[in-house]
Amino acid sequence: MVVWSGVRKFSAVAFGTGAGFSAYLYQHIKSEERQVHSSWTNSDKPINPFAIWDSNWDFRNPRHLVKPAKNDSPQEENRYNSDLEKSTTRSVRHIILVRHGEYLDAGETDDTHCLTQKGCIQAKYAGQRLREMGVKWDKIIVSTMTRAQETAEIILKEIDFEPKKVVNCPYIREGAPIPPQPPVGHWRPQESFFRDGARIEAAFRRYFHRAFPTDKKDTYTLIVGHGNVIRYFVCRALQFPPEAWLRINVNHASITWLTIQPSGNVTIKCLGDSGFMPAQYLTNRIPSEAKNVV
């Protein structure tokens with residue numbers, strides 16, 4: 001009897017230990033399922049919380065625009081659902097950005113920074129490509145700087161849009177939007193970041209957002225601007241670290257296409273596309289004879 005009692009005690013302890021280990025193992029496996037890690041990082045840390053997509057990045061998520069229901073009454077629920085319906089868009093917003101053509105930085109003022117002959121040809125190719133896309137443009141926005149204005153003038157000859165409807169915007173003039181990471185040792189325009197950063201960010205907030213609830217169809221906006229501004233816009237729109245803007249290259253007269261879904265999700269269809277022009281016209285810097293190569 002003593003032996004049998006000891007066996008029963010041992011069995012009970014063993015069963016309890018096994019059950020406890022099984023429960024631990026189950027919870028550990030479930031925990032691993034919830035926290036998926038990237039094997040190539042060799043990291044046991046959870047996903048960077050800053051990498052989680054912000055669906056209200058443009059502050060136009062309809063659920064954030066509508067006053068919440070005061071109570072559970074049918075009248076309040078009907079009011080809330082009606083307001084939500086009115087604030088919800090169902091159209092896709094397309095934003096196509098074109099960098100200006102090659103130009104010569106040959107003077108002290110912007111008036112002398114005109115397109116080179118190659119830059120004019122690049123702009124013509126870009127205009128032809130935009131025409132081939134068969135897009136009906138809802139709005140065209142152009143930087144007020146000379147090289148962007150000349151590029152837009154050439155493009156407008158190739159596409160169907162009334163020049164008088166073009167919006168000339170000083171907010172998208174070229175500049176240094178934010179100190180880049182990694183830092184660039186030979187380029188430290190610290191005063192430019194303070195001068196240009198807020199302006200370029202204001203331009204992003206003005207033009208990058210989901211379609212309006214009143215839009216009955218997809219909309220297409222063309223922006224003719226500058227390399228630094230386009231690169232910063234891309235990082236902001238995709239919710240990449242904005243300090244990474246200088247890691248991206250976009251050729252002269254290249255096309256970048258971003259789409260904003262009704263949900264607020266943003267995708268990029270092409271980045272700095274210039275495959276529509278012959279290789280001899282591909283450039284991304286102003287000519288070497290210019291005083292300040294940027």
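Residues numbered from 1 in each chain as written. Predicted model: local features only at pLDDT ≥ 70, side-chain atom pairs only at ≥ 80, totals over all residues. Heavy atoms only, no water.

In the annotation of an unreviewed UniProt entry, the protein chain is listed under the name Serine/threonine-protein phosphatase PGAM5, mitochondrial and assigned to Glossina fuscipes. Quoted verbatim from the Sequence similarities (unreviewed entry) heading of the UniProt record, the comment on the protein chain is "Belongs to the phosphoglycerate mutase family. BPG-dependent PGAM subfamily." As stated in UniProt under Subcellular location (unreviewed entry), the record for the protein chain gives "Mitochondrion outer membrane". (UniProt positions renumbered as here; feature names shortened; annotations may be inferred.)

Draft legend 1. Region of the structure containing the UniProt feature "binding site: substrate" (unreviewed entry) in the protein chain. UniProt's entry tags Arg147 with the feature "binding site: substrate" (unreviewed entry), counted in the numbering of this structure. Within the secondary structure, Arg147 is located in helix 5 (residues 146-156). What Arg147 contacts, discounting residues up to four positions off in sequence, is His100, Tyr103, Asp110, His113, Leu115, Glu174 and His226. (Helix = DSSP H or I, 4+ residues; strand = E, 2+ residues; numbered from the N terminus. Contact = heavy atoms within 4.5 Å.)

Draft legend 2. Up close: the pattern of salt bridges. Under the definition given, this model contains 15 salt bridges. Between Glu201 and Arg205 there is a salt bridge whose closest N-O contact spans 2.8 Å. Remark: Arg205 and Glu201 occur in helix 6 (residues 190-207); sequence separation between them is four residues, near one turn of the helix. Put simply, Glu76, Arg79 and Asp83 are held in one network by salt bridges that share partners. (Salt bridge = Lys/Arg side-chain N within 4 Å of Asp/Glu carboxyl O.)

Draft legend 3. Expanded view of the sheet that holds strand 5 (residues 255-260). A sheet is described by the order of its strands in space; here six strands give the open sequence 3-2-4-1-5-6, paired in mixed fashion. Each edge of the open sheet is held by one strand with a lone partner, namely strand 3 (167-169) and strand 6 (266-273). Strand-to-strand, the axes of this sheet are offset by a mean angle of 20 degrees, without reference to chain direction. Inspection of the sheet shows strand 2 (residues 139-143) paired to strand 4 (residues 219-225) by four bridges, in the parallel sense. Along strand 4, the bridge assignment pairs Ile140 with Leu222. Running at roughly 150 degrees to strand 1 (residues 93-99), helix 7 (residues 227-237) makes contact with strand 1, strand 4, strand 5 and strand 6 of the sheet. (Pairing = 2+ DSSP bridges. Axes fitted to C-alpha atoms, helices over the stretch in contact; angles between N-to-C directions.)

Draft legend 4. Up close: the packing of aromatic side chains. Taken as a whole and assessed by the stated rule, the structure comprises six aromatic pairs. Considering the side-chain rings of Tyr125 and Tyr281, the 5.9 Å spacing of their centres and the 45 degrees angle between planes classify their relative orientation as tilted. You can see Tyr125 sitting in helix 4 (residues 117-132) and its partner Tyr281 sitting in the segment after strand 6, a full 156 residues away along the chain. Their ring planes at 70 degrees and their centres at 6.5 Å tell us that Tyr220 and Trp257 sit as a pair that is edge-to-face. With Tyr220 in strand 4 and Trp257 in strand 5, the pair connects residues that are 37 residues apart, well separated along the chain. (Phe/Tyr/Trp six-rings, centres within 6.5 Å; stacked < 30°, edge-to-face > 60°.)

Draft legend 5. Expanded view of helix 7. In terms of residue burial, helix 7 counts as a mostly covered element, since 10 of its 11 residues are buried. Residues of helix 7 that are buried include every one of Gly227, Asn228, Val229, Ile230, Arg231, Tyr232, Phe233, Val234, Cys235 and Ala237, and no others. Positive phi appears at Gln239, one or two residues downstream of helix 7, with a value of about 60 degrees. (Buried < 20%, exposed > 50% of the residue type's maximum accessible area, 1.4 Å probe, protein only.)

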